[in-house]
Amino acid sequence: MSDVAPTVLTHVDRGVGVITLNRPQKINAVTVEMLGLVERALDAWEVDSTVTAVLLRGAGPRGFCAGGDIAWIYANATDDPRRSVDMWRREYRGTLRLSRWSKPIVSLLDGIAMGAGIGLGGHVTLRVVTERSSLGMPETRIGLSPDAGGSFLLSRAPGELGTHLALTGRAMSAADALHTGFADVLVPSPELVRVLPALAEGGVEAVRALGVAAGPSELAAAGDWIDEAYRGDDARAIVRRLRDLASSGLDAAGAVADDLEAASPTSVVLTLEARRRADRLPDLEAVLGQELGIVTSLAASPDLVEGIRARVVDKDRRPRWSPATLDEVDVPSTLATVDWTTRL
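Residues numbered from 1 in each chain as written. Predicted model: local features only at pLDDT ≥ 70, side-chain atom pairs only at ≥ 80, totals over all residues. Heavy atoms only, no water.

1. With respect to the packing of aromatic side chains
Each aromatic ring pair is described using two quantities: the centre-to-centre distance and the angle formed by the ring planes.
Point 1. If you walk through the whole model with that rule in mind, you get zero aromatic pairs.
Point 2. The aromatic ring of Trp340 is capped on one face by Arg277, whose charged end is 4.4 Å from the ring centroid. (Phe/Tyr/Trp six-rings, centres within 6.5 Å; stacked < 30°, edge-to-face > 60°. Lys NZ or Arg CZ within 6 Å of the ring centre and 35° of its normal.)

2. Digging into the nonpolar core
Point 1. Residues Ile19, Trp88, Leu135, Phe182, Tyr230 and Leu242 are the most contacted members of the largest nonpolar core, which totals 88 residues.
Point 2. Those residues in contact with Tyr230 that sit more than four places away from it in its chain are Glu160, Thr163, His164, Leu167, Thr168, Ile238, Arg241, Leu242, Val256, Leu260 and Arg276.
Point 3. In this structure, Val106, Leu108, Leu192 and Val204 belong to the second largest nonpolar core, which totals 18 residues. (Core = buried A, V, L, I, M, F, W, Y, C linked by side-chain atoms within 4.5 Å. Buried < 20%, exposed > 50% of the residue type's maximum accessible area, 1.4 Å probe, protein only. Contact = heavy atoms within 4.5 Å.)

3. Details of the sheet that holds strand S6 (residues 112–114)
Point 1. Spatial ordering of the open sheet is given by S4-S6-S8, a layout of three strands whose pairing is parallel. Looking at which strands have only one partner, the edges of the open sheet turn out to be strand S4 (63–65) and strand S8 (134–136). Within the sheet, the average angular offset between the axes of one strand and its neighbour, ignoring direction, is 10°.
Point 2. In this sheet, S6 lies alongside S4 in parallel orientation, the contact comprising two bridges. Across the sheet, Cys65 pairs through a bridge with Ala113, a residue of S6. (Pairing = 2+ DSSP bridges. Helix = DSSP H or I, 4+ residues; strand = E, 2+ residues; numbered from the N terminus. Axes fitted to C-alpha atoms, helices over the stretch in contact; angles between N-to-C directions.)

4. What to know about the pattern of salt bridges
Point 1. In this structure the tally under the stated criterion is 26 salt bridges.
Point 2. Of the charged contacts in the structure, one is a salt bridge between Asp110 and Arg132, with a shortest N-O distance of 2.4 Å. A residue pair is termed long-range when its members are at least 10 positions apart, and Asp110 in the loop between strand S5 (105–109) and S6 and Arg132 in the loop between strand S7 (126–129) and S8 qualify at 22 residues.
Point 3. Residue Arg132 is classed as partly exposed on the basis of its relative accessible area of 44%.
Point 4. For Asp258, the salt bridge goes to Arg243, with nearest N and O atoms at 2.8 Å. With a gap of 15 residues between them, Asp258 in helix H13 (residues 251–262) and Arg243 in helix H12 (residues 235–247) connect regions that are remote in the sequence.
Point 5. In this structure Asp258 comes out as partly exposed when scored by relative accessible area, which is 42%. (Salt bridge = Lys/Arg side-chain N within 4 Å of Asp/Glu carboxyl O.)

5. Things to note about the sheet that holds strand S9 (residues 185–186)
Neighbouring strands of a sheet are bound in pairs by backbone hydrogen bonds; such pairs are parallel or else antiparallel.
Point 1. Strand order in the open sheet made by the six strands is S1-S2-S3-S5-S7-S9, with mixed pairing throughout. Pairing within the sheet leaves two strands with one partner each, and these edge strands are strand S1 (8–13) and S9.
Point 2. Two strands pair when backbone bridges link them, and S5 and S7 are joined in this way by four bridges, in the parallel orientation. Its bridge partner being in S7, Leu109 is matched across the sheet by Val129.
Point 3. The strands that helix H1 (residues 32–46) touches are S1, strand S2 (16–21) and strand S3 (53–58); relative to S2, the one it contacts most, it runs at about 180°.

Okay, here's the thing in structure tokens:
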């Protein structure tokens, strides 16, 4: 008998199917095995009339899910990038299925919820955050682009807030997540124990009723200058406008420009194009297909290898991007590397 804990735990409690991502030491970073276990639970419960809803949560105190298994993706980038592409395709199909599942799904986005965590918990019936929540799509910092449906949510955020979040990879507070449409309700962390009973006894609306006011969103307060800075399709012009705002006394704009220039220039260019194209796409499925085209083009890229090395492997946070700056990116050639009409 193995003493290794399953990476996903499932059980049924009072008619609620409970899925617990169970890699707390890795903040529940998603593996291919975990995707399969989630799929298996959904398969069983979809045809089980005694299961009326699903609760999706993460084990441990640090967060719901920190994203995909970056170490595995790093190994694939230098060995067999197709394995990562196959995993992403499976992940995105799972995201679409969760968004369309026939019974209500409630996700508890307590603590950290990044990247693939948004793919799992960000497109369901009701998304719960707490005062400890930190949500985001930090992919440009490792040489990728927002995926798992993240660019769909970013494209539907007010004004240019989604562009700002996509390009910088900055995290959102609970109030920010509610304002941008990444979450639906804030439940104080001590009250999370009430979510399952509420879902079992009163359904989604009973969970919603547990919500409290989140307080002001810093992103909402910054909306005017963010809208001004991020207009247009030229990432270099965006940085210039941010620097101009900083010169006028807006220190926050200078810090944002620093973040943009620290990200992978190639990823920033692709992400900005993806953000604009997502505005014109009709639904989540179409956006997921576009995301698959982008990550396919980046699966073996030097920036992905370098970005993960700098952030995860060596942790020196000094990536050597290629090309090194936005001015050096050949934008037409870079955009031409992507099949923008990829289907899942």
